[in-house]
Amino acid sequence: MKAEILQILSARRILAILIFLPIIFTAVFGGLFYNNLVTGVPIIIVNLDDGLKSQKILRDLYDTPEVEVIAVEGDAANISARMLEIGANGAVVIPKDFSQKISRGESVTVELIIDNTNTILGGTVARAVQSVISTESAEALIANRIAAGWNAAQAQNSMLKLSTRIFYNPTSGYSDFFLTVLIIHSAQIAVVFTLAPLFVEEKFSRAEIFEKPLEILSAKILIYTAIEAAVVAICFSIGIKFFGLICRGNFLEIMLITAAFLFSVVSFALAAGAWVKIPYHAISYTLAYVMPSILFTGAIWERYSMDNVSLFLSYVMPIGYAAVDLRNLFLKGAVHGWEFHALILLMFGAIFFAAGLAGLKFGGRGNAEDNATRNISAG
């Protein structure tokens, strides 16, 4: 154990990646996500009407912080090309005779065109414009009822109203939605892409491989899991302290499932390093497993909407058992079944641990001289 700690301390580049990569991810993306409200999304207004009602919609859209009106056009032809030309994410087309039809109580349609290349910006435009149009529609209905002889109280009170309450992430903040997932993903990248090739390069005698394989792997798993768990705890704390990350759950429970996840990741990295002979193979072979795993967590792309192949992948990647539970522990304060998922992660770790033992014995590890020759040829 002492030798393992000294080896880690001497490998400063590896230690720096293990510690600072998750912290850098937390700081950079936490800062990006900290401004929870998307504002100033550029839109175009095409106003084909010359009445007062359309002017009111224009004023309301100008006063809506989520969008920024960057052009007012008088022609709806080639609107998509115009949006592309000036970089607008949406266009609102107010039809001809809009004001007159509203005044007569007739039905009229305002067209909303959205560039949904960026779904976040597209959704922001849709919500902002729908809010303005809904308000205008309600006011028009009240005015028409009053004109028909209703008194003001009757006209307003008979409206259908929507009362909305949002739990757990009321500001729809990206830091609360995504930062916990990003932190553990960055931790698994740091562990796999440093520990796996480092383990390939490490020299063992045949006696060590056949007499002490348990000690070799156990020491590394214990040390690296502890180090990275401490780093992740620091990252979570940075998110809470500086980026408004909400934490309603028990921090001990959060760290228990985090430790179980990291145990499985460290074991996976060692298993990969035990079976390959060239260090860069340890990275290239694990790349296809680790990098896309964030897509199959169920935290971004819900499992119930996955196809069968994607659903299968989500269940054979350890992060799929940690990401949603961690986010729910942070935001909801509790989650049913996290203990079971932690147990599954420990089972993943045990399977990878066994694969690592097999790799040490049967994966082509030679004596110290063989290892030295292999490392020279790899370089």
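Note that this is a predicted model, so its numbers are computed, not measured.

(A) Here's a closer look at the packing of aromatic side chains. In this structure the tally under the stated criterion is 10 aromatic pairs. A ring pair is formed by Phe 268 and Phe 352, whose centres lie 5.2 Å apart and whose planes are at 65°; its orientation type is edge-to-face. Highlighted residues: Phe 268 in helix α11 (residues 251-275) and Phe 352 in helix α15 (residues 338-362), separated in sequence by 84 residues. By the burial criterion, Phe 268 is buried, and Phe 352 matches it. A network of ring pairs unites the aromatic residues Phe 268, Tyr 289, Tyr 315, Tyr 321, Phe 348 and Phe 352 as a single cluster. Above the ring of Tyr 315, the side-chain terminus of Arg 303 is found at 4.1 Å from the ring centroid. Sitting over the ring of Tyr 321, Arg 303 keeps its end group 5.6 Å from the ring centre.

(B) Quick look at the sheet that holds strand β4 (residues 111-114). Strand order across the open sheet formed by 4 strands is β2-β1-β3-β4, with mixed pairing between neighbours. A single partner strand is all that each edge strand has here, and the edge strands are β2 (67-73) and β4. Each adjacent strand pair in this sheet contributes to an overall mean axis angle of 25°, direction not counted. Pairing geometry for strand β1 (residues 41-47) and β2, over 6 bridges, is parallel.

(C) Spatial organisation of empty space enclosed by the protein. Applying the stated criterion across every chain yields a total of 1 cavity of 30 Å³ or more. As a volume, the largest cavity reaches approximately 40 Å³. Lining the largest cavity we find Gln 188, Val 265, Phe 268, Tyr 289, Val 290 and Pro 318. When contributions to the lining of the largest cavity are tallied by element, the ones reaching two or more residues are α11 and α12 (279-290). Within the lining of the largest cavity, the residues separate by chemical class into 5 nonpolar, 1 polar and no charged.

(D) Examining the state of the cysteines more closely. All told, the structure shown has 0 disulfides when counted by the stated rule. The structure places no disulfide on Cys 235, whose sulfur is separated from the nearest cysteine sulfur, that of Cys 247, by 14 Å. A residue is classified by how much of its surface remains accessible, and Cys 235, at 0% relative accessible area, is buried. Residue Cys 247 is classed as partly exposed on the basis of its relative accessible area of 29%.

(E) Structural view of α15. Helix length check: α15 (25 residues) gives 36 Å between terminal C-alpha atoms against 36 Å at 1.5 Å per residue, within 8%. Of all the residues in α15, the buried ones are Trp 338, Ala 342, Ile 344, Leu 345, Phe 348, Gly 349, Phe 352, Phe 353, Gly 356, Leu 357, Gly 359 and Leu 360.

(F) Broad picture of the nonpolar core. Formed by 72 residues in total, the largest nonpolar core has its most connected members in Ile 184, Phe 199, Phe 236 and Phe 261. Those elements that place two or more of their residues in this core are α2 (12-34), α8 (174-201), α10 (213-242), α11, α12, α14 (323-331) and α15. Per-element accounting of this core gives the leading share, 16 residues, to α8.

(G) Just the pattern of salt bridges, in detail. Overall, the coordinates contain 7 salt bridges when judged by the stated rule. A salt bridge links Arg 82 to Glu 85; the shortest N-O distance between them is 3.4 Å. Highlighted residues: Arg 82 and Glu 85, both in helix α4 (residues 79-86), separated by 3 residues, approximately one helical turn.

(H) Spotlight on the side chain of Arg 303. Counting through the fold element by element, Arg 303 comes out in the loop between α12 and α13 (308-315). As a buried residue without a salt bridge, Arg 303 has its nearest oppositely charged side chain in Asp 325, at a separation of 7.7 Å. One polar contact links the side chain of Arg 303 to the main-chain carbonyl oxygen of Gly 320, over a distance of 3.3 Å.

(I) How the structure looks around unusual backbone geometry. Backbone geometry at Asp 97 places phi at a positive 60°, although glycine is not the residue there. Using a relative accessible area of 32% as the deciding quantity, one classes Asp 97 as partly exposed. Even without glycine at this site, Tyr 168 takes up a positive phi of about 75°. Within the secondary structure, Tyr 168 is located in the loop between α7 (152-157) and α8. According to the relative accessible area criterion, Tyr 168 is partly exposed, its value standing at 38%.

(J) Looking closely at the confidence of the model for the protein chain. Looking at the protein chain as a whole, its pLDDT mean stands at 86, while 91% of the residues score no less than 70. Mean pLDDT per element in the protein chain: helix α16 (residues 368-378) is the minimum at 44, and α11 is the maximum at 96. Segment residues 367-379 is flagged for pLDDT under 50; beyond a separation of four residues in sequence, or across chains, it makes 23 contacts in the model.

(K) Representation of the packing of α10 against α11. One can describe the packing of α10 onto α11 by two numbers: an axis separation of 8 Å at closest approach and a directional angle of 135°. Between α10 and α11, the angle is such that the two are oblique. As for the relative orientation of α10 and α11, their crossing is right-handed in sense. Seen from α10, the contacting residues are Leu 217, Lys 220, Ile 221, Tyr 224, Thr 225, Glu 228, Ala 229, Val 232, Ala 233, Phe 236, Ser 237 and Ile 240; seen from α11, they are Phe 251, Ile 254, Met 255, Thr 258, Ala 259, Leu 262, Phe 263, Val 266, Ser 267 and Leu 270.

The rules behind these values
- Residues numbered from 1 in each chain as written.
- Predicted model: local features only at pLDDT ≥ 70, side-chain atom pairs only at ≥ 80, totals over all residues.
- Heavy atoms only, no water.
- Phe/Tyr/Trp six-rings, centres within 6.5 Å; stacked < 30°, edge-to-face > 60°.
- Helix = DSSP H or I, 4+ residues; strand = E, 2+ residues; numbered from the N terminus.
- Buried < 20%, exposed > 50% of the residue type's maximum accessible area, 1.4 Å probe, protein only.
- Lys NZ or Arg CZ within 6 Å of the ring centre and 35° of its normal.
- Pairing = 2+ DSSP bridges.
- Axes fitted to C-alpha atoms, helices over the stretch in contact; angles between N-to-C directions.
- 1 Å grid on protein atoms, 1.4 Å probe; cavity = no way out; pocket = protein on both sides within 12 Å on 5 of 7 lines; lining within 4 Å.
- Points joined across faces, edges and corners; volume = space filled by probe spheres on them.
- Nonpolar A, V, L, I, M, F, W, Y, C, P; charged D, E, K, R; others polar.
- Disulfide = S-S within 2.5 Å.
- Expected span 1.5 Å × (residues − 1).
- Core = buried A, V, L, I, M, F, W, Y, C linked by side-chain atoms within 4.5 Å.
- Salt bridge = Lys/Arg side-chain N within 4 Å of Asp/Glu carboxyl O.
- Lys, Arg positive; Asp, Glu negative; His and termini not counted.
- Polar contact = N/O pair within 3.5 Å; in protein donor to acceptor, adjacent residues only side chain to side chain.
- pLDDT = per-residue confidence, 0-100.
- Contact = heavy atoms within 4.5 Å.
- Parallel < 35°, antiparallel > 145°, perpendicular 65-115°, else oblique.
- Left-handed = near helix turned anticlockwise from the far one by under 90°.

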